[in-house]
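Tertiary structure, described
Given next are the chains, with one letter for each unit.
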Amino acid sequence: MLGFLINRLLQAAAVMAAMTVIVFVGVHAIGNPIDVLIPPDATQQIRADVIARYGLDRPLVEQYLAFVGNLVRGDFGRSFVFNVPVAELILSRLPATAELTLLAVLGASLLGIPLGIYAGYRPRSPVSRAIMGASILGFSVPTFWIGLILILTFAVELRWLPAGGRGPTAVLLGVPWSFTSGEGLAHLLLPALNLSLFKLALLIRLARAGTREAMLSDYVRFARAQGLSELTVIRGHVLKNIAIPIVTVFGLELGSTLAFAVVTETIFSWPGVGKLIIDSIRDLDRPVMVAYLVLVTFLFVVINLVVDLVYGALDPRLRPGAAG
Amino acid sequence: MTGWGHRVRPLALATATLALGALGAAAQTLTIGLRGGPESLDPHFSALGTHAEAMKHIYDTLVFADAKNQVQPWLAESWKAVDDTTWEFKLRKGVKFHDGSEMTAADVKFSIERVPAVAGPVTTTIYVKNVAAIEIVDPHTIRFKTKEPVATLPYDFVRVFVVSAKAAAAATTKEASPQEFNSGKAAIGTGPFRYVSWTPKGDLVLDRFEGYWQGPAPWQRVVRKEMSSDPARVAALRAGQVDVINYVPSADYETLQRDSRLTVAKADSVYVFNLQLDQRERTPRVYDLDGKVAEPNPLRDARVREAIDLAIDRRTLVDIVLEGFGKPANQLMPDGFFGSSARIPAKPFDVERAKKLLADAGYGKGFRIDLHCTNDRLPGDGVVCGALGQMLAKIGVVTNVQAISRTVFFPAQAKLEYSVFMNGWGTLTGEASYTLGSMAHTPAPDVGMGQFNRIAYSNKEVDRLLELGRATLDDGKRRAAYEEAMEKIVADRAYLSLVVLQTAWGGQAAKVVLAPRADEDTLAYFIKPKR
């Protein structure tokens, strides 16, 4: 078990190191960030001064080593654009994205998995057909379009919900959250719905496919022959067996939504990290890009680690160290 | 004194009085949805337009660009050149900072001197680069020494904000300043609003400063929300979530106009789209019909440049491509700016003559070019570029249009990788030295001009006029020099001006009267309540 954890952490460190190199080389290949940022009427002298001040005139390797040196001391550097420490900048916006993502992914799971199981259990019923039909819309219609339609319907025409932005926040465990108040939830609803639609469709289809396969298997037939109730069969035999792919997808979706909820965040003016990273890419704000991608890598590693541990809980054969 | 203050004051007082009566807090709060916001609370950190726009709520400048982008006295009541290299500014008396202390020459000196130490990559040092020394004559008189005669010094000060020397005393390094300012400790200005809170890319919240020297603002509280997505901003306005938005997209303008609950306003901006033709002997992205780099560079032939100019149908660009959000341009700045020439005629559109000129120049069969432009910097930049490609194809110039992100465009342009490119230029100062000095002078680091001339354009006569203009303190003579320079630049056709952009605002008809401005700023102080 310990070996497994150490192995994972080493992998993570290697991926994170690779990430920093890619960002440094990538930004360098595009050009000097200062040329994107500097005002057009700056003289050559001013331009040279600014470039020197940010150390961008030094060889790339030297810049990279300086960055690594600071990183070892826990310093990600300062944003070129905002002149505040990058870690502070990202952390200030992380709670907004976290609550939005968690609500979307959990909502999609709690709704999608039962619906999918039902559709797989009774594949020919009209309700199942309706569920499957609706799920096609979920992943074929682009998010930004659905987002705008949601805003037009519920905010502009009906005026039931706000068109965007985050509601008032209250501090809980030292972090400002907005889901604690009614108004905050009202602000959360539309963006979370928009973000969850694709995941909902995905989980429905996944659960349905798994259920249909499981229903035909011997263990389900024997369980039924034993005289167990249908609910017990589904809970004890079907759900357990289809859980592995669902947990995998859940983990990946959670990670990618946390990291890249940018479309929804932009349309709903949600003050999360997605908007921050897109803008920092546009401005070639290298410190923010590097720190963010390192953070995202770390996040994925953690999520995958949790997923692996959940596998073990679900299926003893998959426990790390168990003889395969 | 500008007309603004006089018109605002009675209204502001009326509102303040009303507020004490029946009106609730909601009617007193102005919520604005904006495409971009500040980058810090330190006014000297960034020269970005959206940054300066936000800072104008909290801090004041010595001189102010009015709605038409012409300079007006502001914290400085008057200024004059004492000799060729000395400017004297008289400061307004009785101007109070938010902490109640009085603004004096010491604050101005402190503000200007701290700029080089705290400026970020969008460097504000461009505004103070001409100041060699500062001398305080008395608390309300200050003198600026320059190394050489600088006629445009007052224009430079349009974006030099005055901070309190006392409150910002500790904020004189790049590391200390964000903490001092963003916490609000040093964010003490003389502007119409006090700072309440801000999150990067989020909301900037401001409260009215009752002691503002022009009379208090009509709004008790102003919330400036950053909403970068155009459809989101429009939806928020239509949903009644915000009172005012900037940059209404052309596609939505008519819908908003038809909505009786909303009001819209449009203004000419300071931005002109220019097509730029590389004048180097050998240019990388112009090819003959076989795809080999063309030598010599066809763009050096005046007939070829004229043909390209004649091939552009500016009316169509404005009416169809930009959906009416612009005006045809015939020079590098909008009409009425200091140095724009009224003698330059409108640009003709004549495909037949263009083809004949190409044939005369020996390119009867045409040639190929790569046309580069941004697609995410200014409204319409990508589509105008696409339309240009089609127009040039009609005279036989086969055009490969590359509309790309500004992130890629500007660094490559700085490395001189492009031959034919289009980008917008905003004459932010409202006068010609800013635009022509940067773009049309031969690149010359030693004279500090031509730093944005990325096409190796060089005309000795233009250089002479621009240097003359910069050194001439007499307004009439300086204007004449710039107008003549502008006429010569337009005649050379290395810069082909296409359109002057327009921008639009939207607001709740029942609540606000919009205040459109040429510099595209959305300033809460000038947005009046509807009564």
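About the thresholds
Residues numbered from 1 in each chain as written. Chains lettered and ligands numbered in written order. Predicted model: local features only at pLDDT ≥ 70, side-chain atom pairs only at ≥ 80, totals over all residues. Heavy atoms only, no water. Helix = DSSP H or I, 4+ residues; strand = E, 2+ residues; numbered from the N terminus. Buried < 20%, exposed > 50% of the residue type's maximum accessible area, 1.4 Å probe, protein only. Areas by Shrake-Rupley, 256 points an atom, 1.4 Å probe, with all protein chains shown as cover. Lys, Arg positive; Asp, Glu negative; His and termini not counted. Charge placed at Lys NZ, Arg CZ, Asp CG, Glu CD. Rg over C-alpha atoms; globule rule 2.2 N^0.38 Å. Contact = heavy atoms within 4.5 Å. Core = buried A, V, L, I, M, F, W, Y, C linked by side-chain atoms within 4.5 Å. Pairing = 2+ DSSP bridges. Disulfide = S-S within 2.5 Å. Salt bridge = Lys/Arg side-chain N within 4 Å of Asp/Glu carboxyl O. Buried area = accessible area lost by both parts, 1.4 Å probe. Polar contact = N/O pair within 3.5 Å; in protein donor to acceptor, adjacent residues only side chain to side chain. Nonpolar A, V, L, I, M, F, W, Y, C, P; charged D, E, K, R; others polar. Patch = residues over 30% accessible without salt bridge, like charges linked within 9 Å, V, L, I, M, F, W, Y side chains within 5 Å. Phe/Tyr/Trp six-rings, centres within 6.5 Å; stacked < 30°, edge-to-face > 60°. Lys NZ or Arg CZ within 6 Å of the ring centre and 35° of its normal. Axes fitted to C-alpha atoms, helices over the stretch in contact; angles between N-to-C directions. Arc of directions from axis to C-beta.

1. Things to note about the overall build of chain A
Along its length, chain A carries 13 helices and two strands. Along the first, second and third principal axes, the C-alpha set of chain A runs to 85 × 60 × 35 Å. Burial analysis of chain A (324 residues in total) assigns 47% to the buried set. Surface accessibility of chain A: about 15600 Å² in total, with carbon and sulfur atoms responsible for 70%. Placing the 25 positive and 20 negative side-chain charges of chain A at their respective mean positions leaves the two points 13 Å apart.

2. Quick notes on the overall build of chain B
In terms of regular secondary structure, chain B is built from 17 helices and 20 strands. A compact globule built from 531 residues should have a C-alpha radius of gyration of about 24 Å, and chain B, at 24 Å, falls within 12% of that. Counting over 531 residues, chain B shows a buried share of 62%. The long-range fraction of contacts in chain B, counting pairs at least 24 apart against all pairs at least 6 apart in sequence, stands at 69%. Looking at chain B, you have 66 positive and 62 negative side-chain charges, and the mean spots of the two groups are 3 Å apart.

3. Some points on the nonpolar core
As a rule of thumb, nonpolar side chains are buried together in soluble globular proteins. Residues and elements named next belong to chain B. Ranked by internal contacts, the top residues of the largest apolar core, which has 113 residues, are Leu62, Phe144 and Phe157. Beyond its immediate chain neighbours, meaning those up to four positions away, Leu62 contacts Pro73, Trp74, Leu75, Ala76, Phe89, Leu91, Val108, Phe144, Phe157, Val160 and Val162. Counting 76 residues, the second-largest nonpolar core is a separate cluster that includes Met333, Ile344, Phe452 and Leu496.

4. Brief notes about the pairing of strand β7 (residues 141–146) of chain B
Residues in a regular strand point their side chains to alternate faces of the sheet. Residues and elements named next belong to chain B. Here strand β5 (residues 86–91) pairs with β7 via five bridges, running antiparallel. Looking across to β7, one finds that Thr86 is bridged to Lys145. Between strand β6 (residues 131–138) and β7, which pair antiparallel in sequence order, lie two residues.

5. Quick word on the state of the cysteines
Residue and element names in this part refer to chain B. Scanning the model with the defined rule gives one disulfide over all chains in all. Between the sulfur atoms of Cys373 and its disulfide partner Cys385 the distance amounts to 2.2 Å. On the S-S bond that ties Cys373 to Cys385, the torsion sits near -115°, and the link is left-handed. Here Cys385 lies in helix α13 (residues 381–393) and Cys373 lies in strand β15 (residues 367–374), a separation of twelve residues in the sequence.

6. Re the pattern of salt bridges
Residues and elements named next belong to chain B. All chains considered together, the criterion is met by 47 salt bridges over all chains. Measuring nitrogen to oxygen at the nearest pair gives 3.9 Å for the salt bridge that ties Arg470 to Glu148. Highlighted residues: Arg470 in helix α16 (residues 460–471) and Glu148 in the loop between β7 and α6 (153–156), separated in sequence by 322 residues. For Asp278, the salt bridge identified is with Arg280, shortest N-O distance 2.8 Å.

7. Some details on helix α15 (residues 432–439) of chain B
An α-helix turns once per 3.6 residues; consequently, residues spaced three or four apart project the same way. All names here are of chain B. The buried count for α15 comes to eight of eight residues, which makes it a mostly enclosed element. Along α15, the positions that sit buried rather than exposed are Ala432, Ser433, Tyr434, Thr435, Leu436, Gly437, Ser438 and Met439. Each element contacted by the buried residues of α15 is listed here: β12 (262–277), β17 (420–426), α16, α17 (475–492) and β18 (495–508).

8. Overview of the interface of chain B and chain A
Listed as interface residues are 51 residues of chain B and, on the opposing side, 48 residues of chain A. For the pairing of chain B and chain A, the buried interface totals around 4200 Å² over both sides, and the portion due to carbon and sulfur atoms is 58%. Looking at the side of chain B facing chain A, the largest losses of area belong to Pro121, Lys201 and Thr407 of chain B, adding up to 16% of the total buried there. Applying the counting rule to chain B against chain A returns two salt bridges. Salt-bridge contacts for Asp279 of chain A lead to Lys201 of chain B; the nearest nitrogen and oxygen are separated by 3.1 Å. Applying the counting criterion to the chain B and chain A interface returns 13 residue pairs in polar contact (both at pLDDT 80 or more). Breaking the side of chain B that touches chain A down by element, the ones donating at least two residues are α4 (105–118), α5 (125–128), α7 (176–182), α8 (230–238), α14 (406–414) and α15 of chain B. Element by element, the count of residues in the side of chain B that touches chain A is highest for α14 of chain B, at six residues. Across the side of chain B that touches chain A, the residue classes tally to 27 nonpolar, 13 polar and eleven charged.

9. Some thoughts on a nonpolar patch on the surface
Residue and element names in this part refer to chain A. Where nonpolar side chains cluster on the molecular surface, the patch consists of Phe144, Trp145, Ile149, Leu152 and Val263 and spans about 450 Å² of accessible area. You can see Phe144 is positioned in helix α7 (residues 143–157). By relative accessible area, Phe144 is classed as partly exposed at 46%.

10. Thoughts on the pairing of strand β4 (residues 76–83) of chain B
Residue and element names in this part refer to chain B. Here six bridges tie β4 to β5, and the two strands are oriented antiparallel to one another. Residue pairing across strands places Trp79 opposite Phe89, the latter belonging to β5. Between the end of β4 and the start of β5, which pair antiparallel, lie two residues.

11. Some words on the environment of Phe338 of chain B
Tracing the sequence through the fold places Phe338 of chain B in the loop between β14 (326–328) and α12 (351–360). Here Phe338 of chain B is in contact with Tyr155, Met333, Gly430, Glu431, Ala432, Asp475, Arg478, Arg479 and Tyr482 of chain B, once residues within four sequence places are set aside.

12. Quick look at the packing of aromatic side chains
All names here are of chain B. Using the criterion set out here, one finds 29 aromatic pairs over all chains in the structure. With a centroid separation of 5.7 Å and an interplanar angle of 55°, the aromatic rings of Trp425 and Tyr434 are classed as tilted. The same class applies to Trp425 and to Tyr434, which are both buried. Site record: aromatic cluster; members linked through ring pairs are Phe64, Trp74, Tyr212, Trp213, Tyr525 and Phe526. The ring of Tyr247 is capped by Arg35, whose NZ or CZ atom sits 4.0 Å from the centre of that ring. Looking at Lys266, its charged tip hangs above the ring of Tyr253, at a distance of 5.1 Å from the centre.

13. Here we look at the sheet that holds β7 of chain B
Residues and elements named next belong to chain B. Taken in spatial order, the four strands make up an open sheet running β4-β5-β7-β6, and their pairing is antiparallel. Looking at the sheet topology across the chains shown, the edges are occupied by β4 and β6. Across this sheet, the average inter-strand angle for adjacent strands is 20°, counted without regard to direction.

14. Details of the side chain of Asp309 of chain B
Residue and element names in this part refer to chain B. Relative to the helices and strands, Asp309 resides in helix α10 (residues 302–311). The class for Asp309 is buried, based on a relative accessible area of 3%. Here Asp309 is in contact with Arg314, Lys347, Pro348, Arg493 and Leu496, once residues within four sequence places are set aside.

15. Section: α12 of chain B
Residues and elements named next belong to chain B. For α12, the set of buried residues is Val351, Ala354, Leu357 and Leu358. Looking straight down α12, one finds that the buried residues subtend no more than 120° of arc, so they occupy a single side. In α12, the exposed positions that point more than 90 degrees away from the buried face belong to Glu352 and Lys356. Tucked into the core, α12 has its buried residues touching α10, β15 and β16 (397–404).

16. Concerning unusual backbone geometry
Residues Glu295 of chain B and Pro296 of chain B are joined by a peptide bond in cis, for which omega reads -5°. Mapping Pro296 of chain B onto the fold places it in the loop between β13 (286–287) and α10. Even without a glycine there, the phi angle at Leu284 of chain A is positive, about 55°. Considering the arrangement of structural elements, one finds Leu284 of chain A in the loop between α12 (273–282) and α13 (286–314). With a phi angle near 45°, Tyr247 of chain B is a residue other than glycine that sits in the positive phi range. As for its position among the elements, Tyr247 of chain B is in the loop between β11 (244–245) and α9 (250–258).

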